[in-house]
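# Overview (structure and organization)
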Amino acid sequence: MKKIIAALCVTASLAGCANQNNTTQVSTPKVDTIQEALFHKWFAAEFDNHEQHWQDNIEKEKNPDIQVHEHIHHVFAPLATPALEGTTYFVKQYMDGDPSKVYRQRLYQFVQNQEKGALQLNIYRFNDDAKYEDAHLQPELYQTLTKDEITTYPGCEVYWTFNGEYFDGNMGINTCSIVSKRSGKKIFFNDTLRLTDNEIWIADKASDADGNYIFGNKAGIPHINRKVVYFTGWGGARIGGKDAPEDAKWAFSRDLLLHNEGQIVALQDAKTGEKSGYSIQLALLTYQNTSDPIFKLGLIDDATGKTITYIWSDRTNPTTGMNLRWMQAGLKVKETRPHFGF
């Protein structure tokens, strides 16, 4: 009888442990892999990889075989599209810090995919790129846009999930393909992405049906783009520069606007458009000799393209300025929509 009672007690104890384990499993919170509101809070901005491009060019002097990442600027502008469900954006991407060197314009649509537990990105091309050029500055264009004016490629969707720290973006393996107009061959795209509160990493890779390289970083290093911060302010210089007499005319403007990821803006007169012959640049850089990340305000001689002097400060500095007597400038973080230049 004592053995039976002891056995019952052991059984009850084990059952209690099992119930406790089950309770623990049920009460463990699951990671919300979609986190849509957080995604859009991080994603809606302009991004730029100026420092990565600058750093690669320095490294190339030591290692000629290094593949320099292209300098790319991204505009991800929220823009409501009545013709499509979900959240939509106008996307513009250009090269070398030059807004005229646009290599891609797209309409992005984000919808929840509950089956995959992901935020699904559908990418649309405009059938008439010229009509929707700089659509973020003309939001009324999206109000009348119809599905007949855009094209998407099934299999090229990107699925974004939140891992508790950042968002991962992935395509299906070899599900995205197009036939090249140049070669007539099928090209396969396999992109991987990462989005944090301050960066978006984009690894664009393409290969042919035999796995041969078409484009992308051969070392697998993504374009690391930082969220830009725009500064507004005033600035100008004497016509003729430092050697001009003190009573020389100035080229001056109170409407300067430039972001902190390498943008260069000419110092010219706001009323006449006359140029001073100098430009200013803001950039976040890390110099090799010190390894200290800095926020740089540089003065550039337009004739040579060289920085003739600069000052630096902490990267979080909300204001900066320079006074050389013959040249002056004062800048502060843009008060509204600081991550957009419009």
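The following refers to the structure shown. Just so you know, these numbers come straight off a predicted model, no measurement behind them.

Judged by nonpolar contacts, the single largest core of 31 residues is most densely connected at F43, F110, W160 and L195. Counting residues in each nonpolar core, the second largest holds 19 residues, with L256, L258, M322 and M327 among its members.

Where burial is concerned, most of strand β7 (residues 158-162) is hidden: 4 out of the 5 residues are buried. Inspection of the sheet shows strand β5 (residues 118-126) paired to β7 by 3 bridges, in the antiparallel sense. Note that in β7 the partner of Q120 across the bridge is Y159. Strand direction decides the pairing type here: β7 and strand β8 (residues 167-170), joined by 4 bridges, are antiparallel. Counterpart to F162 in the pairing with β8 is F167. Where β7 folds back on β8, the antiparallel hairpin that results is connected by 4 residues, among which G164 adopts a positive phi of roughly 95 degrees.

The strand order across the open sheet formed by 4 strands is β18-β19-β20-β21, and the pairing between neighbours is antiparallel. The outermost strands of the open sheet, each flanked by one partner alone, are β18 (261-268) and β21 (306-313). Here the strands of the sheet are splayed against their neighbours by 20 degrees on average, with no regard to which way each runs. The pairing of β18 with strand β19 (residues 275-286) spans 5 bridges and is classified as antiparallel. Bridged to V265 within β19 is I280.

Turning to the sheet that holds strand β9 (residues 176-179), a few remarks are in order. Spatial ordering of the open sheet is given by β9-β10-β13-β14, a layout of 4 strands whose pairing is antiparallel. If you trace the sheet from one side to the other, it starts and ends with β9 and β14 (213-215), each paired once. Direction aside, neighbouring strands of the sheet carry axes that sit 35 degrees apart on average. Judged from the 4 bridges that link them, β9 and strand β10 (residues 186-189) form a sheet pairing that is antiparallel. Its bridge partner being in β10, V179 is matched across the sheet by K186.

Thresholds, definitions, all that
For every chain, the first residue of the written sequence is number 1, and numbering continues from 1 onward in sequence order. Owing to the predicted nature of the model, reporting of local features is limited to residues with pLDDT of at least 70; listing and counting of side-chain atom pairs is limited to 80 or more, with chain, interface and lining totals taken over all residues. Derived side-chain values reflect all non-hydrogen atoms in the structure, with water molecules and hydrogen atoms excluded from consideration. For our purposes a nonpolar core is just a set of buried Ala, Val, Leu, Ile, Met, Phe, Trp, Tyr and Cys residues, chained together by side-chain atoms within 4.5 Å. Burial classes: relative accessible area under 20% of the type maximum marks a residue as buried, over 50% as exposed, and values in between as partly exposed (1.4 Å probe, protein chains only). In DSSP terms, a helix is any run of H or I states spanning at least four residues, a strand is any run of E spanning at least two, and both are numbered starting from the N terminus. By definition, two strands form a pair when at least two bridges between them are found by DSSP. Every axis corresponds to a line fitted to the C-alpha atoms, with the helix fit spanning only the stretch in contact, and the corresponding angles, defined between N-to-C directions, vary from 0 to 180 degrees.

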